[in-house]
Amino acid sequence: MSEWTVLGKAMLRERRDIAIAIAGGFLAGAGGVGLFAASGYMVSRAAFAPPLYTLIVLTSLVKILGLLRAGSRYGERLYTHRATFSILSRLRVDFFKRLVPLAPAIFRRSRSGDLLARVVGDVESLQHFFLRVAYPPLVLAMVFLATILFASAYSLTIAGLLVLGLLAAAVLVPALVMRGQRARQRRVRLQRAALSTDMTELLYGYRDLKVYGQAERRERALHEAAAELATAQRASGLNLLRGQTLHALVTHGTTWAVLAAGAYLIAGGALAGIYLAMLVLIAFTVFEEAAAVATLPAYKQDSEHAAQRLAETVTTDDRIEQHRGAAAAGGRAAAATARGATKDTYHDAAQDPAGAAAPAAAPLRELDAGEAGPPMLELRDVTFRYADAWRPALDGASLRIAAGSKTAIVGPSGAGKTTVLELLLKLYLPQQGEVSLGGAPTGCLHDASIWRASRVVLQRNHFFRGTIRDNLLAADVHTSDEAMRAALEDAQLGAVPLDDPVLEQAENLSDGEKQRLALARAMLRRGRLWLLDEPTSALDAVTEARIVRRLFERARGDTLVWIGHRLAGLERMDQILVLDRGRVAESGSYDELMARRGAFYAMKQIEQDVVGQKISKEGFE
Ligand SMILES: Nc1ncnc2c1ncn2[C@@H]1O[C@H](COP(=O)(O)OP(=O)(O)OP(=O)(O)O)[C@@H](O)[C@H]1O
């Protein structure tokens, strides 16, 4: 079913309001012409000192017509807008209903920003169809027909002039407006889609962009795109204004022509002078109705394009059909993703409602990106609770990670491991206690300098639509292709070409590939602090072991924090921290913890029982 059918059906369901609006529009237009005709006639008649009752009748007629015009104009506005908004809401609901089951396939084809532009912008554009495309010519034709019939009773020449004026206003002016408008409108649409696409990318990837120091560049690009859209809109708006100016020129030109022709006819005795003012005012008034027609083609084109794009979005072709079955599963997955996203959303530490006030207004210091050596990390008695969380994620946690050491943080899900990492990255500030990097509390450090000094892999990483290269360049725009290939090789993605496409949210990559791409990206950074949150959880043991070996080579001498659930291979860590309910339950080397036979030992036993994994000294090797 085409969008026009949907539009037609939606209009048909509003037929009562539309009929009232058309009647109101005709009465308002014809009433306006009548009002000015009566006024002109009354003024001329008054000059001949008619009997009082003639003046009383004419004055009453003017008043009645004035009231009729005002009342019917009000009714017309009320009902046209009521019909428009009802049509709009029907279109939105209908479009959305058709969109929902197709969502997974549509996301594959359209970038979500573009889709947003379609859902909002295009559906909105269709509101103009009734108000500015279908309705005005109908009312204009009715009012003009009545006026020309009326004028022809007095002078066929003047009626002919009105017809010419109408042709100029309703055909010639719109044609001139349309010249070049198509290209202007196209530019506006493309810019609008590009802007909303960039905007959603920035919003989705804001945290990663910040961490990788790319946010400012993206923001600048966004401002440039917004400025280009404004320029395109200005050009399009100016052209429409030019159309309105031309329309005013035609209106006034016709009025002057009627005046001149009237004077000529009067001089020749073909027209009684008393009707001249009436006919001139009629000419002046009737073109009011034609004003909307000047911009009609632009709106018509806009509506056509919007309808076409909407129809194309929800076209049920084979490609989409095959995803229909997966729609329900997609919905559940989307809900799960949304929950994940909440957890991962970047939170400005200074604005965090749960966060403590940022320490004193002293100027923030820079954390060295690594030249001064890897940083030492410390949490002292840290308590942190997320906004609206019912319990603290960290509850008096203290830990110390020596500069250049390798530390694993393990513990049950929800123990607070990721939170430690988020606090180290100054994505939040603790409510109590102190988090410090390189001996300086994070509150005193410039956020961007922490991110510059870190190589981060989060549980969920954002990838941008583009190529593998584009995504690796997010780590450092100056990276060479050789360095990228080497990083891909180390991340066990050596077979993947740099020009391979990456879809929005890296939908075309498996979870394991995403993790490996994120690791390659981290490898390309320069900082000497590695913060890795379950970076290999989706990988098989063999690939994981290979990557970890390469990773440790690259991180030699750097401070590395590894959050993970698997306990195999932790022998090579200098320190293991076992977190439980927001506290460090145990810490020490692998051998120490195994000898202590405490929490870590118990976890190891359970893991062995569950997966039958053998404790191996070789671990990741
Ligand atoms: N953004 C958030 N808003 C509210 N609560 C949160 C948020 N992020 C985490 N939490 C809560 O804080 C606690 C600690 O979460 P955290 O992610 O640090 O645990 P974790 O040990 O990393 O868990 P997992 O191993 O499952 O990743 C959990 O109870 C979690 O539900």
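Residues numbered from 1 in each chain as written. Predicted model: local features only at pLDDT ≥ 70, side-chain atom pairs only at ≥ 80, totals over all residues. Heavy atoms only, no water.

Q: Just checking my understanding: could you explain the overall build of the protein for this structure?
A: A count of helices and strands for the protein gives 23 helices and 12 strands. For the protein, buried positions account for 48% of its 621 residues. Of the contacts formed within the protein by residues at least 6 apart in sequence, a portion of 78% connects residues at least 24 apart. Summed over all atoms, the accessible surface of the protein reaches about 29300 Å², with 59% contributed by carbon and sulfur. (Helix = DSSP H or I, 4+ residues; strand = E, 2+ residues; numbered from the N terminus. Buried < 20%, exposed > 50% of the residue type's maximum accessible area, 1.4 Å probe, protein only. Contact = heavy atoms within 4.5 Å. Areas by Shrake-Rupley, 256 points an atom, 1.4 Å probe, with all protein chains shown as cover.)

Q: Which parts of the structure should I look at to understand the site of the ligand?
A: Contacts to the ligand come from 16 residues, most closely from S413, K417, T418, T419 and Q459. In this structure, G414 approaches the ligand through a main-chain N or O atom, which is 2.8 Å from an oxygen atom. Between an oxygen atom of the ligand and a side-chain N or O atom of H565, the distance comes to 2.9 Å. Coverage of the ligand by the protein amounts to 78% of the 630 Å² it exposes when considered alone. Of all the elements in the fold, those that place two or more residues in the shell around the ligand are α15 (327-344) and α16 (417-424). For the shell around the ligand, the element with the most residues is α16, which contributes 3 residues. Of the residues assigned to the shell around the ligand, the class counts are 4 nonpolar, 8 polar and 4 charged. (Near = heavy atom within 4 Å. Polar contact = N/O pair within 3.5 Å; in protein donor to acceptor, adjacent residues only side chain to side chain. Nonpolar A, V, L, I, M, F, W, Y, C, P; charged D, E, K, R; others polar.)

Q: What's the story with the pattern of salt bridges in this structure? I'm lost.
A: For the structure shown, the criterion picks out 19 salt bridges. Two residues, D481 and R469, come together in a salt bridge whose shortest N-O distance is 3.0 Å. Note that D481 is positioned in helix α19 (residues 481-490) and R469 in helix α18 (residues 468-473), a separation of 12 residues in sequence. A relative accessible area of 25% means that D481 is categorised as partly exposed. R566 is the salt-bridge partner of E544, the closest N and O atoms lying 2.6 Å from each other. Placement of E544 in helix α21 (residues 541-554) and of R566 in the loop between β10 (559-563) and β11 (575-580) is noted, with a sequence separation of 22 residues between them. Residue class for E544 comes out buried when judged on its relative accessible area of 8%. (Salt bridge = Lys/Arg side-chain N within 4 Å of Asp/Glu carboxyl O.)

Q: Sorry if this is basic, but what is going on with the packing of aromatic side chains here?
A: Any two aromatic rings considered together are summarised by their centre-to-centre distance and by the angle between their planes. In total, this model carries 9 aromatic pairs according to the counting rule given. Relative to F600, the ring of Y590 lies with its centre 5.8 Å away and its plane at 80°, an arrangement referred to as edge-to-face. Remark: F600 occurs in helix α23 (residues 599-611) and Y590 occurs in helix α22 (residues 590-596); sequence separation between them is 10 residues. Residue Y590 shares its accessibility class with F600, and that shared class is buried. Linked through ring pairs, Y41, F150, Y154 and Y275 together constitute an aromatic cluster. (Phe/Tyr/Trp six-rings, centres within 6.5 Å; stacked < 30°, edge-to-face > 60°.)

Q: Help me out: how do you make sense of unusual backbone geometry in this one?
A: Trans is the common state for peptide bonds, and a negative phi is the common state for residues other than glycine. Unusually for a residue other than glycine, D381 sits at a positive phi of about 50°. Of note, D381 is situated in strand β1 (residues 377-384). For D381, a relative accessible area of 52% puts it in the exposed group. Residues other than glycine seldom take positive phi values, yet R597 does so here, at roughly 55°. Tracing the sequence through the fold places R597 in the loop between α22 and α23. In this structure R597 comes out as exposed when scored by relative accessible area, which is 58%.

Q: What should I look at first to understand the sheet that holds strand β12 (residues 583-588) in this one?
A: For sheets, the rule is that strands pair by backbone hydrogen bonds, running either parallel or antiparallel. Pairing in this open sheet of 6 strands is mixed, and the strands run β6-β9-β10-β3-β11-β12 from one edge to the other. Edge positions in the sheet fall to β6 (454-457) and β12, since each has one partner strand and no second. The sheet shows a mean angle of 15° between the axes of neighbouring strands, taken without regard to direction. Note: β11 against β12, 5 bridges, orientation antiparallel. Residue pairing in the sheet places D580 in a bridge with R583 of β12. Its contacts with the sheet put α16 on β3 (406-410), β9 (529-533), β10 and β11, and the angle it makes with β9 is roughly 145°. Contacts from α21 reach β3, β9 and β10 within the one sheet, and its direction differs from that of β10 by about 155°. (Pairing = 2+ DSSP bridges. Axes fitted to C-alpha atoms, helices over the stretch in contact; angles between N-to-C directions.)

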